[in-house]
Amino acid sequence: MNKRPVIICTDPGIDDFIALAVLLQQPQLDIRGMIALSGNVGLPITVNNALLAGELCGRTDVPVLAGSATPLARPARNACNIHGASGLGTSVERYSNRKPLAQDAAEFIVQTARQFPGALEIISLGPLTDVARALTLDPAIAQLLRQIVVMGGGIKRGNATQYAEFNIVADPEAADVVFSSSAPVVMIGLDATHQCLQPRSQIAEMAADTELGRMVGLMLNDYADMYRRVHQLEGVVIHDAICALWLLQPNLFYTEPMRVKICLDNGAHLGQTMAVTDGAPFATVAMGLDAEGVARRIVDEVHRAVIQ
Ligand code: BDR
Ligand code: CA
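Read on for an overview of the structure. Bear in mind that the values here come from a model prediction, so they are computed numbers and not experimental data.

### Things to note about the environment of Val186
With respect to the helices and strands, the residue Val186 is situated in strand 6 (residues 185–188). With relative accessibility at 5%, the residue Val186 sits in the buried group. Distance in space between the C-alpha atoms of Val186 and Ala50 is 23 Å, their sequence separation being 136 residues. In this structure Val186 touches Gln147, Ile148, Val149, Val150, Trp246 and Thr284, once residues within four positions along its chain are discounted.

In structure tokens form, the structure reads like this:
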């Protein structure tokens, strides 16, 4: 069986970390690299957390690259209110001794896309800055990618603001580059992810008495505390892990083809993903999911990762 070449762009981030634990253990995926960029927390911290994920998941063979420290055209935002200053909650702060690969992230994406024409899949779990930089550096790669899977956006709602989702509003110009490109884009946004609110009882099922298992338990309980405080929700929406399931079991999602435009106007709607009737190429947009099936698969995958 040919393994599927994949690049993960990520800003860990509690839900990113869980997604990495899921993806790094998949034998059918050939993870060519993890690009950590500024998002939930600043660049040095996301790089550290991606290195840590590789280490704790027994995948030090997967290179980590330092992506962008700032969005394309705006100052960086963060989501420390949800992920804590360490990016991994308020109970976990850990440092890796490993170093990222010294290569420009956009060049790495371009080089990998050219190495695997028609096959490379990019999954973006944070702002789209480095994916956009790659598409700008070499626009022809849009035709070479198998898909760009984006955790981000929401046709009917936002979370960072009333109308905008965090990953999109964190770098709206980058999202605009990606959604206006001719690459096949799949959007797994809040319309789908918010249908899968996982209770604390499932956090207990994901944790285990191993180094990674204890960390997962602490991180997700912190995440649940912050969800209660910030979003007044009981339970957690593990957005990035839900998005990761698109690579493993796409039939868990209900999708619609849609032209998606990113609002770039400063003001209340900045970063909104708007369904329009013309002027943008079609994307595949997840508007729903099988909540029970998604929750069960996440619990099973995470549990499998932490007991290894
Ligand atoms: C997204 O924003 C980040 O805070 C999470 O890691 C996730 O990627 C959810 O809106
Ligand atoms: Ca993320």
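### A short note on the coordination of the calcium ion (ligand 2)
At this site the calcium ion (ligand 2) is bound by Asp11 (OD), Asp16 (OD), Asp16 (OD), Leu125 (O) and Asp240 (OD), with donor distances of 2.2 to 2.6 Å. All donors to the calcium ion (ligand 2) come from one chain, and their sequence spacing reads D-x4-D-x108-L-x114-D. With a gap of 229 residues between them, Asp11 in the loop between strand 1 (4–10) and helix 1 (14–23) and Asp240 in helix 11 (residues 239–248) connect regions that are remote in the sequence.

### Side note on unusual backbone geometry
Residue Gly13 is bonded to the preceding Pro12 through a cis peptide linkage, with omega at -5 degrees. Relative to the helices and strands, Gly13 is located in the loop between strand 1 and helix 1. Positive phi, close to 55 degrees, is recorded for Gln232, a residue that is not glycine. Mapping Gln232 onto the fold places it in the loop between helix 10 (211–231) and helix 11. A residue is classified by how much of its surface remains accessible, and Gln232, at 62% relative accessible area, is exposed.

### Structural notes on the pairing of strand 9 (residues 282–289)
The element strand 9 is largely enclosed, with a buried count of six among its eight residues. In this structure, strand 6 lies alongside strand 9, joined through three bridges in parallel fashion. Counted as the bridge partner of Ile188 is Ala286 from strand 9. The pairing of strand 7 (residues 253–262) with strand 9 spans seven bridges and is classified as antiparallel. By the bridge assignment, Tyr254 is partnered in strand 9 with Gly288.

### A short note on the side chain of Gln272
If you trace the backbone, Gln272 turns up in the loop between strand 7 and strand 8 (273–276). If near-sequence neighbours (up to four positions away) are discounted, Gln272 is found in contact with Tyr163, Ala164, Lys261, Ile262 and Cys263.

### A short note on the site of ligand 1
Lining the immediate surroundings of ligand 1 are Asp15, Asp16, Asn40, His83, Leu125, Met151, Asn159, Glu165, Phe166, Asn167, His239 and Asp240. Asp15 places a polar side-chain atom, nitrogen or oxygen, 2.6 Å from an oxygen atom of ligand 1. Contact between ligand 1 and Leu125: an oxygen atom at 3.0 Å from a main-chain N or O atom of the residue. For ligand 1, whose unbound accessible area comes to 280 Å², protein coverage reaches 96%. Counting only elements with at least two residues in the shell around ligand 1, the list comes to helix 1, helix 6 (166–170) and helix 11. Across the shell around ligand 1, the residue classes break down as three nonpolar, five polar and four charged.

How each quantity is defined
Residues numbered from 1 in each chain as written. Chains lettered and ligands numbered in written order. Predicted model: local features only at pLDDT ≥ 70, side-chain atom pairs only at ≥ 80, totals over all residues. Heavy atoms only, no water. Helix = DSSP H or I, 4+ residues; strand = E, 2+ residues; numbered from the N terminus. Buried < 20%, exposed > 50% of the residue type's maximum accessible area, 1.4 Å probe, protein only. Contact = heavy atoms within 4.5 Å. Donors = N, O, S within 2.8 Å, 3.2 Å for Na, K, Ca; no water. Pairing = 2+ DSSP bridges. Near = heavy atom within 4 Å. Polar contact = N/O pair within 3.5 Å; in protein donor to acceptor, adjacent residues only side chain to side chain. Areas by Shrake-Rupley, 256 points an atom, 1.4 Å probe, with all protein chains shown as cover. Nonpolar A, V, L, I, M, F, W, Y, C, P; charged D, E, K, R; others polar.

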